[in-house]
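Descriptive analysis of the structure
Next come the chains, spelled out residue by residue.
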Amino acid sequence: MLSGIGGAYQLAANAAFVQYVPAERRAQAFGLVQSGLMAVQGIGILVGGFAAERLGPEPVVALAGIAGVISAAVLALVWTESRDKTAPMRAEATA
């Protein structure tokens, strides 16, 4: 269930990304984001495999889950703060 919620959150994250990136740079920005995401996922697989060889798969899966939840919470807080700071500026720009 939590994984599904996290996947659904991508819709809001992509919408915010589209709003903040100028239209003429959007394709390039999406390409960079996708490349970075694939690189980080590959590094995560390497690190997870190395850790699983040393610790076993069960603790590594548990630690990865904990790290994922903490990372998501921190990013959600940062994103909420940044939206609150830019909301007045966007309102002034449209007025």
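Residues numbered from 1 in each chain as written. Predicted model: local features only at pLDDT ≥ 70, side-chain atom pairs only at ≥ 80, totals over all residues. Heavy atoms only, no water.

**Concerning the pattern of salt bridges**
- Inspection of every chain in the model, using the stated rule, returns 1 salt bridge.
- A salt bridge links arginine 54 to glutamate 53; its shortest N-O distance comes to 3.7 Å.
- Owing to a relative accessible area of 55%, arginine 54 belongs among the exposed residues under this scheme. (Salt bridge = Lys/Arg side-chain N within 4 Å of Asp/Glu carboxyl O. Buried < 20%, exposed > 50% of the residue type's maximum accessible area, 1.4 Å probe, protein only.)

**Focus on the packing of aromatic side chains**
- Summed over all chains, the structure comprises 1 aromatic pair.
- Seen in terms of ring centroids, phenylalanine 17 and phenylalanine 30 are 4.9 Å apart; in terms of plane orientation they differ by 75°. Their pairing is edge-to-face. Highlighted residues: phenylalanine 17 in helix α1 (residues 2-20) and phenylalanine 30 in helix α2 (residues 26-55), separated in sequence by 13 residues.
- A relative accessible area of 25% places phenylalanine 17 in the partly exposed class.
- On the accessibility criterion, phenylalanine 30 (27% relative accessible area) is partly exposed. (Phe/Tyr/Trp six-rings, centres within 6.5 Å; stacked < 30°, edge-to-face > 60°. Helix = DSSP H or I, 4+ residues; strand = E, 2+ residues; numbered from the N terminus.)

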